[in-house]
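# Residue-level structure breakdown
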Amino acid sequence: SCQKIRKPRQRVHHMLREGTAGESTVENDEPLEEEANASFDLFRDAEDLPEEYSYDYDDYVNETWWGDEDWTEQEHEKAEDYVSIDAHILSTPVIADIDNDDVQEMVIAVSYFFDREYYDNAEHLKELGGIDIGKYIASSIVVFNLDTKQVKWTAELDLSTESGKFLAHAYSSPTVVDLDGDGNLDILVGTSYGLFYVLDHHGKTRKNFPLEMAEIHAPVIAADINDDGKIEMVTADVHGNVAAWTAEGDEIWEVHLKSLVPQRPTVGDVNGDGHTDIVVPTVSGNIYVLSGKDGSKVQPFPYRTHGRIMSPVLLVDMSKHGEKTQGLTLATTSFDGYLYLIEGSSGCADVVDIGETSYTMVLADNVDGGDDLDLIVTTMNGNVFCFSTPSPHHPLKEWRSSNQGRNNAAYRHNRQGIYVKHGSRTFRDEEGKHFWVEFEIVDKYRVPYGNQAPYNVTVTLLVPGNYQGDRRIVVSQVYNEPGHKRMQLPTVPVRTTGTVLVEMVDKHGLHFADEYSLTFHVHYFKLLKWLVVLPMLGMFLVLVVLRPQEGAPLPSFSRNNID
C-alpha cells in the first residue's frame, strides 16, 4: 500500500515509456475518417474548443492532494514485530448454525496467555527467547465451520497484562440467541476484563456494546425474564452485581448481592405467582430469588446455606400425583456437605446429608424406568448419587445437563418447550415403510403478549453404522401455533436400532429438544414363525372339515373296478 499518490502526468509518462519499450507489431498510415479525426479536438488548442471544455485547471485541482513527488511505502508488518501467544480454552464451546446456512458452526471463547506452570521450566522458557510472559494476555471468539473443519472467522475481544486490575481471560461459555429477529444467531459472552460483548454472526460487535461490569465468570443468559414477549439478557460478576439488559444494550435493572456469583442464574416461576423469577447462587452460600420485572428480592429469600454454592441451581416441580403445584423447588448442593431441596413458595427446606462437596449442578431425569422423577448428584469424591422423589415424571421436567439444549436457562414444564407424546416414546419395534412421531409444543407463560411462533420443528432419525444409507434422516416443518402435532418418518430397511431427536427453535432462536429410542425389524422372526405355523394350521383344518362320514365306504382309486 502507498501513503501518497504521484501526479497523473507522471504516471502517464511512466506507462507510455513502458508501453513503447518493445517494437511495434501493427502499423497503419491510412488517413482517419472525418468523424474519427474530430474526436481528437479535445487535445488541440483550448481556444478552438467549445465552452464546456474550457476550464481553469486550478479551479478544480488542489495541489496539496499530490504532496511530494516521491513514493513513500508504508512500514511492512514483520513476523518479529509480533508475539505468538499460547491459546487456551477455559469454557465449553457452543455448536449451532449461527448464520442460517445449514452448516453447523462451533463457537469457542479462547484465552491467550503463557501458562506459568509450564514456563517455570527453564527449558520451556528458552523457547520464548526472553519474552516477559506476564505482559501478554488476550481473548477472542473463534468460529469453526464443522463441515470444512476450518476457522470461519476470529473476533478479538480484550488485551491486558498480568499487572493490570482486570485480566483478559474468557472463563464463561458463549451464549447464542437471535436478538434482532433476522434469523441469525448473535453471540453473547462476558470476559474477566469486565466487558460484556454481543457479536453478530459475522463477528462484528453490535451497537452499544461492549458493556462494562466487574469480572464476569458466569455465562450470560438470554430469556424473557419480564414476560413481555422479548428476549432480555442477564449478566452477573464477581462483585455480586446482577444486571438485566435489553437486546439494544439498555439497562433494565441492576442489584448488588455482595458476593461473588460463580455460575449462571436460572429462570422460572419460583413462588407460583405467574411471574418469572431469577435464581442466583453465590459463593457466600446465599441463594437469591430476584423478580424478573425489576430485580427486587422475592421473599422469603435469600436462603442461606452454610457453605459455598459453586453450581447453577436446579428448578423442579416436586408436587405429587393429583397435587396442585405450589411453585417450584430449588435443588442444589453446598460445600457444607448437604443436598438442599428448598420450597419456592415458603422457603422451607429438606436436606440430605451426603457428606461430600460438589461443583456440579443437580440433574433431574427418570433413571430407573419407573414413573417417578429422580435427582442425580455427583461429588468431588467421585461418587454419583441417585435420589428418588414422589413427583411424577414428565419429559419437560427433565434437566439432563447444565445447559438445556443449546441456549435455554429456563424451566420448561408449563412454560415453553417440546416433548414427544407417551404413545410415541414407548419403546417399540417399527416395521413397514413409515412411522409417526407425535409431539406437543408448549408455550404458556406470555399472557397477554402471545406466543413465540413461528416454531421451526425438526425431527431427525439417527441410524447407527450398520445401515448403509443416510445416517441422518431429517424432516422439518414450521408451525404457527402450539399444541399437539405429528410428523411422518420413513423406516430403514435393515434390522437395527435408532434414535429419534425432536428439536424446536422459536422466533428468538431458543432451542428445545426431546428424544427417544426404538428398533427396526428386530422381531422379524415372529413373522417367520407365523409363516410356518399358519400353513400347517390351514392344512389341518382342511383335513378336519373334509374327513369322511362315519360308516361310508372309503373311495377306491383302483383301475380294476368293474361297473
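Residues numbered from 1 in each chain as written. Predicted model: local features only at pLDDT ≥ 70, side-chain atom pairs only at ≥ 80, totals over all residues. Heavy atoms only, no water.

With an unreviewed UniProt entry as reference, the chain is termed DEX1 C-terminal domain-containing protein, source organism Aegilops tauschii subsp. strangulata.

### Points about the pattern of salt bridges
All chains considered together, the criterion is met by 12 salt bridges. Of the charged contacts in the structure, one is a salt bridge between arginine 400 and glutamate 398, with a shortest N-O distance of 3.0 Å. Two residues, arginine 425 and aspartate 514, come together in a salt bridge whose shortest N-O distance is 2.6 Å. In this pair, arginine 425 sits in helix 6 (residues 422-425) while aspartate 514 sits in strand 32 (residues 511-520), placing the two residues 89 residues apart along the sequence. Each member of the pair arginine 425 and aspartate 514 is classed as buried. (Salt bridge = Lys/Arg side-chain N within 4 Å of Asp/Glu carboxyl O. Helix = DSSP H or I, 4+ residues; strand = E, 2+ residues; numbered from the N terminus. Buried < 20%, exposed > 50% of the residue type's maximum accessible area, 1.4 Å probe, protein only.)

### Here's the deal with the sheet that holds strand 31 (residues 496-505)
The 5 strands are arranged 26-32-31-28-29 in an open sheet whose pairing can be described as mixed. Where the open sheet ends on each side, the last strands, each with one partner, are strand 26 (429-430) and strand 29 (472-479). Looking at chain direction, strand 31 and strand 32 are connected through 10 bridges and run antiparallel. Counted as the bridge partner of threonine 499 is serine 517 from strand 32. (Pairing = 2+ DSSP bridges.)

### Details of the environment of phenylalanine 114
Considering the arrangement of structural elements, one finds phenylalanine 114 in the loop between strand 3 (105-113) and helix 4 (116-119). Overall, the relative accessible area of 2% leaves phenylalanine 114 in the buried class. Spatially, the C-alpha atom of phenylalanine 114 lies 5.8 Å from that of isoleucine 133, the residues being 19 residues apart in sequence.

### Describing the side chain of asparagine 407
Assignment of secondary structure puts asparagine 407 in the loop between strand 24 (384-392) and strand 25 (416-420). Engagement of the side chain of asparagine 407 in a polar contact is seen with the backbone oxygen of glycine 509, the distance being 3.0 Å. Of note is the side chain of asparagine 407, whose polar atom sits 2.9 Å from the backbone nitrogen of histidine 511. What asparagine 407 contacts, discounting residues up to four positions off in sequence, is Thr175, Val176, Val177, Ala222, Gly509, Leu510 and His511. (Polar contact = N/O pair within 3.5 Å; in protein donor to acceptor, adjacent residues only side chain to side chain. Contact = heavy atoms within 4.5 Å.)

### Brief notes about the sheet that holds strand 24
The strand order across the open sheet formed by 3 strands is 22-23-24, and the pairing between neighbours is antiparallel. A single partner strand is all that each edge strand has here, and the edge strands are strand 22 (363-365) and strand 24. Sheet twist, expressed as the average angle between the axes of neighbouring strands with direction ignored, equals 30 degrees. Strand direction decides the pairing type here: strand 23 (residues 372-378) and strand 24, joined by 6 bridges, are antiparallel. Residue pairing for strand 24: valine 377 is matched across the bridge by phenylalanine 385. (Axes fitted to C-alpha atoms, helices over the stretch in contact; angles between N-to-C directions.)

### Some words on unusual backbone geometry
Cis peptide bonds are those with omega within 30 degrees of zero, and the linkage from phenylalanine 301 to proline 302 qualifies with 15 degrees. With respect to the element layout, proline 302 can be found in the loop between strand 16 (286-291) and strand 17 (303-304). Residue proline 454 follows alanine 453 across a cis peptide bond; omega there is 5 degrees. Among the secondary structure elements, proline 454 is positioned in the loop between strand 27 (434-443) and strand 28 (455-462). The phi angle at lysine 149 is positive, at roughly 60 degrees, despite the residue not being glycine. Structurally, lysine 149 can be placed in the loop between strand 4 (137-145) and strand 5 (150-160).

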